[in-house]
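# Residue-level structural notes
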Amino acid sequence: MQAINSTHSGRSERTLQLALFLTSATWFLASDVLAGRAARGISGRLNIDAARPLLEAFFLIFLLAVGFSILQAIAHRSSSLRDVLGLPKRATSLREWIFGVALGWGCVVLAVLPMALMGKLDVELWVQPRAVWLLVLNLGTLVIGALAEEIAFRGYPFRRLIEAVGPVAATIGMSLLFGLGHALNPGATWTSVFVTMLAGLLLSVAWLRTHGLWLPWGLHFAWNASIGILFGLPISGINDFASVVQTRAVGPHWLTGGGYGPEGAGFTAIVLLVGVVVLVRITRDYAWDYTHKPIVARGYALEVQPPPAHVAMEQQAPSAAATSLVQILPVTSQTRSAGDEPKL
């Protein structure tokens, strides 16, 4: 009977987590629309159209924080806002973010370098003051936008899906959704969707290895910033972030991705798989510190009583106080010191 109740309780919990995942995903879609409309309205009224993507990212984070906090309260789980969003306070948070930046930058360099060696990169530099202003603005947009996207895909919803179907199925499902979510981008192809799914796999593994968004946030930001700002190439078919450096890649589509950028190139799929291997190796300590559950001692105290015969023998034995002490005297005379010569 107890096993049946435990099984029923487990199914109910998984059903609840699946419902929370579906609700959080729906809230994200609604929040994305609301954030876009609010950003367009404010940027149009204030005539700051260049800042519209940054405003949209800020509004999206705010709406996600509100919605996910409400869902957490409905599930009767008390957590801080940082934990709800997937940004736990820890001593290694900055180091994790930097590791993510380094890995994201390295993957992009590995994907772009063959374009220069086997193809051609036409680079133009724009060094006007407005270009520098756009560079700073685009950096801010990409760092906040990457955080918003990580919260939406690998923050609260990903954890609910893990508790509903397990980490493997959740990772596959979230990677598929991440790839399909970019299917409507300009110039998207089936290759770009597949490559974006692998990028989602890399980012999901980053969360699984650290149980936090610090590392995947840094990785996501560095990936986008390296492609769009450092190399001046399109990011998922969007070429709005190239400012000081503007580049046009010439070469086979499997290498350059065409107008979609490196994320539309088949070669990038190999780079992302290599990135997964590197990620697993560099996060060994984090996986041990943050993902392994501590060993908790269980059971109950057990005190073995001595056998009755042993107790009877102890009661019959004479007490220590009644026992006389025996003094052992030395066998040699103590009238001389050990250093004196013996007398003959």
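These notes cover the structure that comes with them. (Residues numbered from 1 in each chain as written. Predicted model: local features only at pLDDT ≥ 70, side-chain atom pairs only at ≥ 80, totals over all residues. Heavy atoms only, no water.)

### Structural notes on the overall build of the protein chain
Looking only at helices and strands, the protein chain features 13 helices and two strands. Looking at the protein chain residue by residue over its 344 residues, the buried ones come to 40%. Long-range pairs, those at least 24 residues apart, make up 76% of the contacts in the protein chain with a sequence separation of at least 6. Put simply, the protein chain shows about 20400 Å² of open surface, and 66% of that area lies on carbon and sulfur atoms. (Helix = DSSP H or I, 4+ residues; strand = E, 2+ residues; numbered from the N terminus. Buried < 20%, exposed > 50% of the residue type's maximum accessible area, 1.4 Å probe, protein only. Contact = heavy atoms within 4.5 Å. Areas by Shrake-Rupley, 256 points an atom, 1.4 Å probe, with all protein chains shown as cover.)

### Observations regarding the side chain of glutamine 72
Here glutamine 72 shows up in helix H2 (residues 52–74). Exposure remark for glutamine 72: the relative accessible area of 8% places this residue in the buried category. In contact with glutamine 72, other than residues within four places in its own chain, are Arg77, Ser79, Val84, Tyr156 and Arg160.

### As for the nonpolar core
Ranked by size, the top nonpolar core spans 68 residues in total, and within it Leu64, Phe68, Leu142, Ile151, Trp217, Leu272 and Leu279 carry the most contacts. Among all residues touching tryptophan 217, those that are not within four sequence positions of it are Leu87, Trp97, Val143, Ala146, Leu147 and Glu150. (Core = buried A, V, L, I, M, F, W, Y, C linked by side-chain atoms within 4.5 Å.)

### Remarks on the layout of surface pockets
Considering only enclosed or pocket space, the largest pocket measures out at about 1600 Å³ in volume. Looking at the largest pocket, it is lined by 50 residues, and the ones nearest its centre are Asp32, Glu56, Glu149, His182 and Ile238. Secondary structure elements with two or more residues in the lining of the largest pocket: helix H1 (2–46), H2, helix H5 (129–154), helix H7 (167–180), helix H8 (190–210) and helix H9 (214–230). For the lining of the largest pocket, the leading source of residues is H5, giving 11 residues. Residue composition of the lining of the largest pocket, grouped by class: 30 nonpolar, 11 polar and nine charged. Around the second largest pocket sit 14 residues that line it, and Asp83, Arg159, Arg160, Trp207 and His211 are the ones nearest its centre. Elements with a minimum of two residues in the lining of the second largest pocket: helix H3 (81–85) and helix H6 (156–165). No other element matches H6, which puts four residues into the lining of the second largest pocket. Looking at the lining of the second largest pocket, its residues break down into five nonpolar, four polar and five charged. (1 Å grid on protein atoms, 1.4 Å probe; cavity = no way out; pocket = protein on both sides within 12 Å on 5 of 7 lines; lining within 4 Å. Points joined across faces, edges and corners; volume = space filled by probe spheres on them. Nonpolar A, V, L, I, M, F, W, Y, C, P; charged D, E, K, R; others polar.)

### Re the side chain of threonine 247
Within the element layout of this structure, threonine 247 appears in strand S2 (residues 245–250). Overall, the relative accessible area of 12% leaves threonine 247 in the buried class. One polar contact links the side chain of threonine 247 to the main-chain carbonyl oxygen of phenylalanine 231, over a distance of 2.5 Å. Apart from residues no more than four positions distant in its own chain, threonine 247 is found in contact with Leu121, Asp122, Val123, Phe231, Gly232 and Leu233. (Polar contact = N/O pair within 3.5 Å; in protein donor to acceptor, adjacent residues only side chain to side chain.)

### Remarks on H9
Judged by how many residues are buried, H9 sits mostly within the fold: 16 of 17 residues are covered. At the C-terminal side of H9, glycine 232 shows a positive phi close to 65°.

### Details of H2
Over its 23 residues, H2 extends 33 Å from the first C-alpha to the last, a length consistent with the 33 Å expected when each residue adds 1.5 Å. Among all positions of H2, only Leu54, Ala57, Leu60, Ile61, Leu63, Leu64, Ala65, Gly67, Phe68, Leu71 and Gln72 are buried. Phi for histidine 76, located one or two positions after H2, is positive at around 60°. (Expected span 1.5 Å × (residues − 1).)

### Things to note about the packing of aromatic side chains
Under the defined criterion, the tally for this structure stands at nine aromatic pairs. With 6.1 Å between their ring centres and 35° between their planes, tryptophan 214 and tryptophan 217 make a pair best called tilted. Within this pair, tryptophan 214 and its partner tryptophan 217 are both found in helix H9, separated by three residues, close to a single helical turn. Its relative accessible area of 12% is what places tryptophan 214 among the buried residues. An aromatic cluster is present here, built from Trp97, Trp214, Trp217 and Phe221 joined pairwise through their rings. Over the face of the ring belonging to phenylalanine 178 we find arginine 154, whose NZ or CZ atom lies 4.6 Å from the ring centre. (Phe/Tyr/Trp six-rings, centres within 6.5 Å; stacked < 30°, edge-to-face > 60°. Lys NZ or Arg CZ within 6 Å of the ring centre and 35° of its normal.)

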